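# Observations on chain architecture
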Amino acid sequence: MTQDLTYDLVVVGGGPAGVAGALTAALAGLRVTLLDSGARLGGQYFRHAAVPRREPGLDRFLRQVRELGARADVLTRHQVWNVSREPDGDVTVHAHTRDASGERPVTLRARRLLIATGAHDRPLPFPGWDLPGVLTAGGAQALLKGGNVLAGRRVVVSGTGPFLLPVATGLAGAGARVLGVYEAGGGLGLARHPLLALGKAAETAGYAAALVRHRVPYRPRHAVVAAHGEREVEAVTVARLDADWNVLTTSIVACDTVAVGYGFVPQIELGTQLGCDTRAEPDGSVVLAVDAAQRTSVPGVWAAGEPTGVAGWAQAEVEGRIAGRAVVADARPQAVRGSDGVLLRRRSRGRAFGAALHEAYPVRPGWQGWLRDDTLVCRCEEVPLARVREAQELGATDARSVKLLARPGMGWCQGRICGYAVSCLAGEPPAPPRRPIAQPVTLGALSEAAPPDAGSQDDPAH
Amino acid sequence: MSDVIVVGAGVVGAACAYYAARAGLDVTVVDRGPVAGGTTGSGEGNILVSDKEPGPELELAVLSNGLWRTLAEHGGFEFEAKGGLVVAETDEIQRQLTDLAAEQGVEHVTVGGAELRDYEPHLAGDLAGGVLYPQDAQVQPMLAAAALLRHGAESFGHGTLRLRLGVTVTGFVRSGDRVTGVRTSQGEILGDAVVNAAGTWGGEIAALAGVELPVLPRRGFILVTEPLREPLIRHKVYTAAYVTNVASDSAGLETSAVIEGTPAGTVLIGASRERVGFDRTTSVPVLSRLAAQAVALFPALREVRAIRSYCGFRPYCPDHLPVIGADPRVPGLYHACGHEGAGIGLAPATGHLLAQLLTGERPDVDLRPFRPERFSEEAA
């Protein structure tokens, strides 16, 4: 199913960055398509139910979505599994979607591509993290925003980073009993939360007030280091930690839900498929390197939002608009209006915020001591820590060979969940992802993904 | 000071080290990366007799097949004696297949079109027949290589087999003409003999010793499916075109269906061949063709999802034969590389024969077809 037309811009990802970029380009008259895997646009942050509830920024975002829908092709429920660059510089976007007749391939061609694929949660393994009832912090928030009921659940929130605060207040606001927020980092307490130092005093005060209102204790230098239960979570071990996250003392907290998050992993595999340059963030995340106009090292390819560095939804929108303007300048220079000045200033403030976050919430190595030999490192392939250690004894000296010998990261999620932990255990910083198939695709759809003549150089004599 | 330095910790290097240690030699294995990080780590783990034309490579494959069975008894990896089923689309191809099987003289069963589904219930219905090779087998190649090294290090006396990983060979130490060791990123390592088991990078190691060895990369992609609940495919199943593609000299893209299940429940789908240097860029048209061929052979795979793909670089020599033996141009230097797509299968025989050479025994198989200097003779 190859469409004949070549788009001026294809945007992958319908969160704040992608929608802002697509809308900016569409308003200037460019032919734009935006693809998103979800049923509705919004991404992780603006994920919403069919009848959305009120939330900061959401009204504005939904207005942008409506405007975009009138000016561009918006393809929801489309999974992009590969992007590749053609010899003439165009980009081919391979996606698939499912309808009554099954999964079918959708192939688009574009002069330019904007990667706005967001980020996913970064969990750390601990004994019992594979029990039902243990969620990622983002997963818990997605349930809430999707309209699922968590009221009445007894929830423990743990991990590191400011994202734990909206998750905890959101859960409490929805009627869940939040038994505690355990922040592994920051020995200072909420009154001196690093968010304050980042000029987010009002936001922090809001969260602090909400936590007080719902009587939620906030405990820095504490973390959930084990979950217990027969068939699902019944209790967790909460530990007081030293500065390196080694366990000092422990106590048991009865609960039925655990939300855990240790930061985010930017989703950059479409960029690495194209050969875009990457750089390492201070927290070890690998992100796409971009210039002042959000351009990657590959001509015709832009990136915005978390794939260029985790800094939140407001920054993502600013970057999306900057990328959109740069795309317009490239395609139709006469259509560019005004200057980027304000946007660029807002972006540098946002970047400073992102960088400060990475500095304020590092993952410390002591978590490796929470694991037991039988703790699963990779849940998809059920690989316990002992097997990772065996692979290392057999001569696996890096994360890739640990994966080849012991299979962590070989399963359904392709290492998105365990990749960071496996890198840490292998003693090396995370490498750029190598995922030629970014999303699972049926062999049927894959077999029809390329035009019949493409790549065919068979000599009939053989 | 070692008796032998093996350059390369892939499956061929591991086998050379294992058999040399077993023969009583002190061995040091050097690799710039981890164990099995090169082509060994990107293969399917095939141990095939079925795809070899009658001749020296088949002789090597048959010897190796028996050796793998013995090695597997030590544990550390599983030898899956699943058998290979070569299928024919037409009666004419079926006739060619049965003729080839008769010439090969290895154990086989001719299967008529009507009986194919007794062997593989999910095969497409329109095939003319096939030939089953019970000796064809599969190992998990990284585990097999690591287990050989581990077993070698533990069985023949402490310190007999040493592993130096993350050490890059940068040159050779010489005494007159003779090679007496390697220079590395971590200093010199001295030894009486150096075995070049660097696989696809064997030509680069040879060049460091000042000799030419035409080993070139021949790229292959493999598609991996989601794990299936019930095994769908029992044997290694491939089409007759695979045999002709393996033997072809074309630099352009060739694909043929090679499909098999794994103990993890995934299905591996190959095989493509193209000579494009060390380019890792994924080719969607290649993946698409592999998928189409797999679905044509096993229609039930249509709704099964591919979750990843990977590529590797087979060490290809112009005459498709590996390079095994002493290099008369550089005393002290031996080669064991260039096995193209058959390195896993041929590794034990290669290691065994090389150990015989190193200890002054007469090799069980005539090594002349594999001699390193054969390419420069042709040029002359």
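The name recorded for chain B in an unreviewed UniProt entry is Glycine/D-amino acid oxidase, from Nonomuraea maritima.

## Considering the overall build of chain B
Scanning chain B from N- to C-terminus turns up 10 helices and 18 strands. Its C-alpha radius of gyration of 21 Å places chain B within 12% of the 21 Å reference for a compact globule of 380 residues. By principal-axis analysis of the C-alpha atoms, chain B measures approximately 65 × 45 × 40 Å. The buried share of chain B, taken over its 380 residues, is 62%. Only carbon and sulfur atoms are counted for the fraction: they give 50% of the accessible area of chain B, which is about 13500 Å². For chain B, the centre of its 31 positive side-chain charges and the centre of its 45 negative side-chain charges are spaced 5 Å apart.

## Regarding the sheet that holds strand S24 (residues 441-442) of chain A
Across the sheet, which stays open at both edges, the 9 strands sit in the order S24(A)-S16(B)-S12(B)-S15(B)-S14(B)-S13(B)-S4(B)-S6(B)-S5(B) with mixed pairing between neighbours. Among the strands making up the open sheet, the edge pair consists of S24 of chain A together with strand S5 (109-112) of chain B. Pairing between S24(A) and strand S16 (residues 305-316) of chain B: 2 bridges, direction antiparallel. Residue pairing across strands places A:Thr442 opposite B:Arg305, the latter belonging to S16(B).

## Re the nonpolar core
Counting residues in each nonpolar core, the largest one holds 123 residues, and the members touching the most others are A:Val236 and B:Trp68. Each residue touching B:Trp68, except ones within four places of it in the same chain, is listed here: B:Val11, B:Ile47, B:Phe77, B:Phe79, B:Ala144, B:Leu148, B:Ile344, B:Gly345 and B:Pro348. Within the second largest apolar cluster, 39 residues are counted, among which are B:Leu85, B:Leu116, B:Ala294 and B:Leu301.

## Looking at the domain arrangement of chain A
Considered domain by domain, chain A is made up of domain 1 (9-119 + 265-337), domain 2 (124-261) and domain 3 (371-426). The straight-line distance from the C-alpha centre of domain 1 of chain A to that of domain 3 of chain A is 32 Å.

## With respect to the interface of chain A and chain B
With 41 residues of chain A at the interface, the matching set in chain B holds 44 residues. The contact between chain A and chain B buries some 3600 Å² in all, and 59% of this surface belongs to carbon and sulfur atoms. Counting across the interface, chain A meets chain B through 2 salt bridges. Taking the shortest distance from any N to any O, the salt bridge between B:Glu303 and A:Arg98 comes out at 3.9 Å. Viewed at the interface, chain B and chain A are joined by 11 residue pairs in polar contact (both at pLDDT 80 or more).

## Concerning a positive patch on the surface
Residues and elements named next belong to chain A. Positive charge collects at one region of the surface, where Arg-321, Arg-345, Arg-346 and Arg-349 lie side by side. If one sorts the elements of the positive patch by residue count, helix H9 (residues 341-360) sits on top with 3 residues. With respect to the helices and strands, the residue Arg-345 is situated in helix H9. On the accessibility criterion, Arg-345 (53% relative accessible area) is exposed.

## Here's the deal with the side chain of A:Arg122
Residues and elements named next belong to chain A. With respect to the element layout, Arg-122 can be found in the loop between strand S9 (119-121) and strand S10 (134-136). A relative accessible area of 3% places Arg-122 in the buried class. A polar contact is formed between the side chain of Arg-122 and the side chain of Asp-283, at a distance of 3.3 Å.

## Let's talk about the UniProt feature "domain: FAD dependent oxidoreductase" (unreviewed entry) in chain B
According to UniProt, the "domain: FAD dependent oxidoreductase" (unreviewed entry) feature falls on residues 3-357 of chain B. Within residues 3-357 of chain B, the helical portion is 30% and the strand portion 30%, while the C-alpha atoms at the span's ends are 13 Å from each other.

## A closer look at the pairing of strand S4 (residues 84-88) of chain B
Residue and element names in this part refer to chain B. Of all the 5 residues making up S4, 5 are buried; the element is thus mostly covered by neighbouring parts of the structure. Side chains of S4 alternate between two faces, with Gly-84, Val-86 and Ala-88 and Leu-85 and Val-87 buried alike. Pairing of S4 with strand S6 (residues 129-133), which is carried by 5 bridges, proceeds in the antiparallel orientation. Following the sheet pairing, Ala-88 is matched in S6 by Gly-129. Where S4 lies against strand S13 (residues 236-239), 4 bridges are found, and the strand directions are parallel.

## Things to note about the pairing of strand S14 (residues 222-228) of chain A
All names here are of chain A. In terms of burial, S14 is largely enclosed, as 6 of its 7 residues are buried. Pairing analysis gives 6 bridges linking S14 to strand S15 (residues 235-241), with the strands arranged antiparallel. Looking at the pairing, Ala-223 lines up with Ala-239 of S15. Joining the antiparallel neighbours S14 and S15 is a turn of 6 residues, in which Gly-229 adopts a positive phi near 160 degrees.

Rules used throughout
Residues numbered from 1 in each chain as written. Chains lettered and ligands numbered in written order. Predicted model: local features only at pLDDT ≥ 70, side-chain atom pairs only at ≥ 80, totals over all residues. Heavy atoms only, no water. Helix = DSSP H or I, 4+ residues; strand = E, 2+ residues; numbered from the N terminus. Rg over C-alpha atoms; globule rule 2.2 N^0.38 Å. Buried < 20%, exposed > 50% of the residue type's maximum accessible area, 1.4 Å probe, protein only. Areas by Shrake-Rupley, 256 points an atom, 1.4 Å probe, with all protein chains shown as cover. Lys, Arg positive; Asp, Glu negative; His and termini not counted. Charge placed at Lys NZ, Arg CZ, Asp CG, Glu CD. Pairing = 2+ DSSP bridges. Core = buried A, V, L, I, M, F, W, Y, C linked by side-chain atoms within 4.5 Å. Contact = heavy atoms within 4.5 Å. Domains from an automatic or database assignment. Buried area = accessible area lost by both parts, 1.4 Å probe. Salt bridge = Lys/Arg side-chain N within 4 Å of Asp/Glu carboxyl O. Polar contact = N/O pair within 3.5 Å; in protein donor to acceptor, adjacent residues only side chain to side chain. Patch = residues over 30% accessible without salt bridge, like charges linked within 9 Å, V, L, I, M, F, W, Y side chains within 5 Å. UniProt positions renumbered as here; feature names shortened; annotations may be inferred.

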